[in-house]
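A structural walkthrough
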Amino acid sequence: MKLLEKIANPRDVRRKLGLNQQDFWTKIGVTQSGGSRYESGRKMPKPVKELLRLVHVEQIDLGRLKREDLEIIDYLKDSHPDLYKSLKKAAKGGGRKAPEAAE
């Protein structure tokens, strides 16, 4: 089952985080009243679901995310997959030191 399918009821996610509707929905650019409608069963558009996943499930601070960061990630994945995997593991606390980048 895809993660987005698991977010069937955003109320469950919000309650698990202990946030009120205003704080929860404002973080992803949705009004409290709009969020209340989604929590009551109105179908959420895919972009709203994705923002909910990124901000509240993956805990990504969108204010810190830059296009350049995503471009670097794509470059590493395509051009240096081993380095990408090693850096990803190091960032997650895999215990190993990140390898030196090739010059």
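The structure contained in this document is the topic of the report that follows. (Residues numbered from 1 in each chain as written. Predicted model: local features only at pLDDT ≥ 70, side-chain atom pairs only at ≥ 80, totals over all residues. Heavy atoms only, no water.)

Considerations on helix H5 (residues 46-57)
To keep it simple, the criterion reads: Working definition: with a 1.4 Å probe on protein chains only, accessible area under 20% of the residue-type maximum means buried, over 50% means exposed, and in between means partly exposed. What counts as a helix is a DSSP run of H or I of at least four residues, what counts as a strand is a run of E of at least two, and both are numbered from the N terminus.
Residues of H5 that are buried include every one of Val 48, Leu 52, Arg 53, Val 55 and His 56, and no others. One or two residues past the end of H5 sits Gln 59, with phi positive at roughly 60°.

Quick word on the layout of surface pockets
To find leftover empty space, one rolls a probe the size of a water molecule over the atoms. Going by this rule: With a 1 Å grid laid over protein atoms only, a set of points is called a cavity when a 1.4 Å probe fits there but cannot get out and a pocket when it is open yet has protein on both sides within 12 Å along at least five of seven lines; lining residues have an atom within 4 Å of a point. Grid points are joined across faces, edges and corners, and a volume is the space filled by probe spheres set on the points. As a working rule, the residues Ala, Val, Leu, Ile, Met, Phe, Trp, Tyr, Cys and Pro are called nonpolar, Asp, Glu, Lys and Arg charged, and the rest polar, with Gly in that last group.
Of the voids in this model, the largest pocket is the one considered here, and its volume is about 620 Å³. Residue lining of the largest pocket: 18 residues in total, with Ile 60, Leu 65, Leu 70, Ile 73 and Tyr 84 positioned closest to the centre. For the lining of the largest pocket, the secondary structure elements donating two or more residues are helix H6 (67-79) and helix H7 (81-91). With 6 residues, the single largest contributor to the lining of the largest pocket is H6. Here the lining of the largest pocket is built from residues that sort into 11 nonpolar, no polar and 7 charged.

Things to note about the packing of H6 against H7
Under the convention used in this document: An axis is simply a line fitted to the C-alpha atoms; with a helix, the fit covers only the stretch in contact. Between two such axes, the angle follows the N-to-C directions and lies from 0 to 180 degrees. Each angle is binned into one of four classes, with values under 35 degrees roughly parallel, values over 145 roughly antiparallel, values of 65 to 115 roughly perpendicular, and all other values oblique. When checking whether two residues touch, look at their non-hydrogen atoms; a contact exists if any pair is within 4.5 Å.
Contact geometry of H6 with H7 gives a least axis separation of 5 Å together with a crossing angle of 125°. As far as their axial angle goes, H7 and H6 are oblique. Side by side, H6 and H7 meet where Ile 73, Leu 76, Lys 77, Asp 78 and Ser 79 of the first sit next to Pro 81, Leu 83, Tyr 84 and Leu 87 of the second.

A word on the pattern of salt bridges
Condition: Take a side-chain nitrogen of Lys or Arg and a carboxyl oxygen of Asp or Glu: if they are within 4 Å of each other, that pair is a salt bridge.
Counted by the stated rule, this structure contains 5 salt bridges. The residue Arg 53 makes a salt bridge to Glu 50 at a minimum N-O spacing of 2.4 Å. Placement of the pair is Arg 53 and Glu 50 together in helix H5, with a separation of 3 residues, close to one helical turn. Take Glu 50: its relative accessible area is 27%, and that puts it in the partly exposed class. Between Glu 71 and Arg 67 there is a salt bridge; the shortest N-O distance is 3.6 Å. In this pair, Glu 71 and Arg 67 are both assigned in helix H6, 4 residues apart and thus about one turn of the helix distant. Relative accessible area serves as the criterion here: at 66%, Arg 67 is assigned to the exposed category.

Some thoughts on the nonpolar core
For soluble globular proteins, the rule of thumb is that nonpolar side chains tend to be buried together. This is how the line gets drawn: Only buried Ala, Val, Leu, Ile, Met, Phe, Trp, Tyr and Cys residues count toward a nonpolar core, and they belong to the same one when joined by side-chain atoms within 4.5 Å.
Judged by nonpolar contacts, Val 13, Phe 24, Trp 25, Ile 28, Val 30, Tyr 38, Met 44, Val 48, Leu 52 and Val 55 together constitute the single largest core of 10 residues. Secondary structure elements with two or more residues in this core: helix H3 (21-26) and H5. Counting residues per element, this core draws most heavily on H5, which supplies 3 residues.

Here's the deal with the packing of helix H2 (residues 10-17) against H5
Basically, it comes down to this: Crossing handedness follows the turn of the near helix against the far one: under a right angle anticlockwise gives a left-handed crossing, and clockwise gives a right-handed one.
Relative to each other, H2 and H5 sit at 15°, their axes nearing to 11 Å. Our classification of the angle between H2 and H5 gives roughly parallel. In the crossing of H2 with H5, the sense of the turn from one axis to the other is left-handed. For the pair formed by H2 and H5, the contact residues are Pro 10, Val 13 and Leu 17 on the first element and Leu 52, His 56 and Val 57 on the second. Here the contact of H2 with H5 is built from residues that sort into 5 nonpolar, 1 polar and no charged.

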